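Coordinate inspection notes
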Amino acid sequence: KQWYQRRVAITAGVEDGSVESPSAKTINVFRDPNELKRTATNISWYPDNAQKLAVAYSVLEFQKSPPGMSMDSYVWDVESPNKPDLTLKPISPLVCIEYNPKDPHCLVGGQYNGQLAFWDTRKGSQPIEVSAISKSHSDPLYKCIFLTSKTGTECFTTSTDGQVLWWDIRKMSEPTEQLVLDLTKSGKPTLGGISLEYEPTMPTKFMIGTEQGTVLSCNRKAKSPAERIVASYTGHYGPIYALQRNPFFPKHFLTVGDWTARIWAEEIRESSIMWTKFHKAYLTDGCWSPVRPGVFFTSRMDGCLDVWDYMFKQADPTLSIQVCDEALNCIRIQDAGGLIACGSHSGNVTLLELSSSLSQLQRNEKNSVTLMFERETKREKILESRYREMKMKERTKSQMEEINQNEEYDENPNDLVEEAEKNFWFTIEQERAGHEKKDREMAE
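Small disclaimer: the values here were computed from a predicted structure and weren't measured.

Cut-offs applied
Sequence order as written defines residue numbering, which begins from 1 separately in each chain. Per-residue local features are limited, in this predicted model, to residues with pLDDT of at least 70; the limit for side-chain atom pairs, both in listing and counting, is 80 or more; totals at the level of whole chains, interfaces and linings are taken over all residues. The side-chain quantities take in all heavy atoms of the structure and omit both hydrogens and water. The pairing criterion is simple: DSSP has to find at least two bridges between the two strands. Helix and strand definitions follow DSSP, with helices as H or I runs of at least four residues and strands as E runs of at least two, each counted in order from the N terminus. When two rings of Phe, Tyr or Trp (its six-membered ring) have centres within 6.5 Å they constitute a pair, described as stacked for plane angles under 30 degrees, edge-to-face for angles over 60, and tilted for the intermediate range. Only protein chains enter the accessibility calculation, which uses a 1.4 Å probe. A residue is then buried if its area is under 20% of the maximum for its type, exposed if over 50%, and partly exposed in between. Throughout this description, the term salt bridge denotes a Lys or Arg side-chain nitrogen within 4 Å of a carboxyl oxygen of Asp or Glu. Here an axis means a line fitted to C-alpha atoms, over the contact stretch when the element is a helix, while the angle between two N-to-C directions is reported on a 0 to 180 degree scale.

The next point concerns the sheet that holds strand 7 (residues 103-111). Read from one edge to the other, the open sheet built from 4 strands follows the order 6-7-8-9, with strand pairing classed as antiparallel. Both outer strands of the open sheet, strand 6 (94-100) and strand 9 (129-130), are each paired with one neighbouring strand and no more.

Now for the packing of aromatic side chains. Following the criterion strictly, the structure yields 18 aromatic pairs and no others. On the basis of an interplanar angle of 80 degrees and a centroid distance of 5.3 Å, the ring pair of Trp-166 and Phe-206 is categorised as edge-to-face. With Trp-166 in strand 12 (residues 163-168) and Phe-206 in strand 15 (residues 205-210), this residue pair connects regions lying 40 residues apart in the sequence. For Trp-166, a relative accessible area of 1% translates into the label buried. A centroid spacing of 5.4 Å and a plane angle of 80 degrees characterise the contact between Phe-296 and Tyr-310, whose relative ring orientation is edge-to-face. Taken together, the residues span a long stretch of sequence, with Phe-296 in strand 23 (residues 295-300) and Tyr-310 in the loop between strand 24 (304-309) and strand 25 (319-322) at a distance of 14 residues.

The tally for this structure, following the rule as stated, stands at 21 salt bridges. For Arg-379, the salt bridge identified is with Glu-380, shortest N-O distance 3.8 Å. Classification of Arg-379 as partly exposed rests on a relative accessible area of 35%.

This next bit is on the sheet that holds strand 11 (residues 154-159). What the 4 strands build is an open sheet, ordered 10-11-12-13; its pairing is antiparallel. The open sheet has two edge strands with one neighbour each: strand 10 (141-146) and strand 13 (177-180). Pairs of neighbouring strands in the sheet enclose a mean axial angle of 20 degrees, with direction left out of account. As paired elements, strand 10 and strand 11 share 5 bridges and run antiparallel to each other. Note that in strand 11 the partner of Leu-141 across the bridge is Ser-159.

Now the structure itself:
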């Protein structure tokens, strides 16, 4: 009821002009300066303010890189779209890039060849250090996240080679830890990593989105490697390109893959508690608003950015923006919540400014989202309990039928022999009596 009243209030506010209608406007477009265009594969915002953003560029289609293609990635000043602020020169194209939240001069990049590179932006374009190739991932490094630590120099990475590796950027000769993505306990990788999630308030927990559509919830401090993977969540039909806990309610997380975005409750593993409709175009990325708990964003292969405001409506996006006429590959929202950058297939990064209705916390929003998540979690628990009850009944019924069949056929072999002998001798006696009767009749 409260959620419904809130929705009516917002709708009325938009209609009478007291609440700004959801909108976004383009501020700048940053274009790949090379003739041979690459995809903008990942974006990271400068930690201290919204003045700069780093963009990773590469061609992810296997063996589709043309000869002479640039391997450079760039740091852009948001007010200077004509020329990059800094050129990064990795030895292999960057698939992902990430600023160190504790040191704005520190950047790490995951390379197409699986290596991790580290830059100090004060010291120029060349990486300070690169991980040893024999100790790195054997597939493209798709995601890197910095961890909360005393030194501020620790991060972890994942790849489709089925590993999660932990690094200290002060010494990158080898990873400090390793986890093999294996649900079969065989010790060999059975799943490939695409996305990662780490919440600083839960320092021992992390999550992995796989190319098989499963999310793995893990505990870094488990007693043995086999116990590190605590739970798995299955609901997507393809790779999970985005995975993020809600900044306000970290026990609920967002996944984006195939044609849908899904919201999960950590305690329910069988199904997500909420999900978007199935889109015609494939979804490529997504993220929560850092300032509004009921708002998240998704990007699509048809060039659209969808803004979902679950306080306003749930069946459809509150706002759909046709950013470009090609695939959007990645999005990243700035920490203040007012700017979002969208990277396209040909390397264009479009910077959008969101209206205040999408970038400012609304009245009673936290309470309303809490009630919404609690309601949907409770509903899913009831459905889950009912489903288990039905499965239990089916299992019990099939077991009873099996027992009855076994009782019919599992008789003692000696009893069967004895029964057969009785029938045999009874038949002989019947035939002998018949012959004797016939002989008497003939004699008479």
